[in-house]
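# Structure at a glance
The residues making up each chain are set out below.
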Amino acid sequence: MNSPYTFKHIAPMMNNGENRQPAIFLFHGLGSNEEDLIQLVGELNEQCHIFSLRGPITHSPGYAFYTFEEEGKPTREVFDKMIAYTQNFILEAIEEYELNIEKVYLVGFNQGAVVAETLALILGKMIRGTVALSGFLPDFVMTEYNKASLEDTKIFISHGEYDYVYPIQWGENSKKYFQSQGVDVTYKTYPDGHGVTPENLRDLVQFIAQDLNNPLN
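Thresholds applied
- Residues numbered from 1 in each chain as written.
- Predicted model: local features only at pLDDT ≥ 70, side-chain atom pairs only at ≥ 80, totals over all residues.
- Heavy atoms only, no water.
- Helix = DSSP H or I, 4+ residues; strand = E, 2+ residues; numbered from the N terminus.
- Rg over C-alpha atoms; globule rule 2.2 N^0.38 Å.
- Buried < 20%, exposed > 50% of the residue type's maximum accessible area, 1.4 Å probe, protein only.
- Axes fitted to C-alpha atoms, helices over the stretch in contact; angles between N-to-C directions.
- Parallel < 35°, antiparallel > 145°, perpendicular 65-115°, else oblique.
- Left-handed = near helix turned anticlockwise from the far one by under 90°.
- Contact = heavy atoms within 4.5 Å.
- Pairing = 2+ DSSP bridges.
- Expected span 1.5 Å × (residues − 1).
- Arc of directions from axis to C-beta.
- Core = buried A, V, L, I, M, F, W, Y, C linked by side-chain atoms within 4.5 Å.

The next thing to look at is the overall build of the protein chain. In terms of helices and strands, the protein chain carries five helices and 11 strands. Rg of the C-alpha trace for the protein chain: 16 Å, near the compact-globule value of 17 Å for 217 residues, within the 12% margin. Expressed along its principal axes, the backbone C-alpha trace of the protein chain runs to roughly 45 × 35 × 30 Å. In the protein chain, buried positions account for 51% of the 217 residues.

Structure representation (structure tokens):
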């Protein structure tokens, strides 16, 4: 990999008999690292490559994917560059690890959900499914970014009803925007703050697992 990203790769535990296997790309939240979300998708590792990326910016006690002027407003120049690097990472990983390009999934929490939602828009149907946990879409992404064809892609958006870090309205706005673009949206809320409840975890795993085990349309 020529990417400047630090990342953790976990190969599938089982071979499904196919040359190319599915992959899940993970994007952690502000101040965390590449170890954080792996546990969320552990049971999917039997059949999937797992790529967990470390944000490129130091933010104690861990890392960040972008800087921001205030919550909900990423620094545009930093964000644009990071998204370009991240897109290139995914494309390079698909090639180098011979991934199944029809079964690529994104999972992100907090800042990582912002990254995942943005990549879902610009990569379009190259991404089979996206999981955005407590995130949002920046205004400039919705109004100024080029969007790819979103046919046959889907997204799972979840948010805590008492989230005072990223208000639940941000999640609702993302839901409405993706629906307006014709994306198959699953939207769920939970009686929680800014986090992932056990029920939320079961739902996100089921969202990916059901798609993995169903033939493509």
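There's more to say after this.
The contact between helix 1 (residues 76–96) and helix 2 (residues 111–123) brings their axes to 11 Å, and the two run at 65°. Looking at the two axes, helix 1 sits roughly perpendicular to helix 2. Taken as a pair, helix 1 and helix 2 cross one another with a handedness that is right-handed. Counting all contacts with helix 1, which are made through Phe79, Met82, Ile83, Thr86, Gln87 and Ile90, the residues of helix 2 involved are Val114, Val115, Thr118, Leu119, Ile122 and Leu123.

Let us look at the pairing of strand 2 (residues 21–27). Buried residues dominate strand 2, accounting for seven of its seven residues. Note: strand 2 against strand 8 (residues 99–109), six bridges, orientation parallel. When the bridges of strand 8 are listed, Ile24 appears paired with Tyr105.

Moving on, we get to helix 4 (residues 168–180). Compared with the 18 Å implied by 1.5 Å per residue over 13 residues, the 19 Å span of helix 4 between its first and last C-alpha is a close match. The complete set of buried residues in helix 4 reads Gly171, Ser174, Tyr177 and Phe178. The buried residues of helix 4 occupy an angular sector of 125° when the element is viewed end-on, so they sit on one face. Tucked into the core, helix 4 has its buried residues touching helix 2, helix 3 (139–144), strand 10 (154–160) and strand 11 (184–190).

Now for the nonpolar core. Ranked by internal contacts, the top residues of the largest apolar core, which has 43 residues, are Phe25, Phe27, Phe79, Leu119 and Phe178. No other element matches helix 2, which puts nine residues into this core. Those residues within four positions of Phe25 in sequence are excluded, and the remaining contacts are Phe51, Leu53, Phe89, Ile90, Ala93, Leu99, Val104, Tyr105, Leu106 and Val107. Core analysis: the next-biggest nonpolar cluster, separate from the first, contains 22 residues, Cys48, Val205, Phe207 and Ala209 among them.

Glancing now at the sheet that holds strand 1 (residues 7–10). Taking strand neighbours across the sheet as the criterion, the seven strands line up as 1-3-2-8-9-10-11 in an open arrangement whose pairing is mixed. Looking at the sheet topology across the chains shown, the edges are occupied by strand 1 and strand 11. Strand-to-strand twist in this sheet, taken as the mean axis angle between neighbours without regard to direction, amounts to 15°. Bridge count for strand 10 against strand 11 is seven bridges, and the pairing is parallel. Directly across from His159, in strand 11, lies its bridge partner Thr189.

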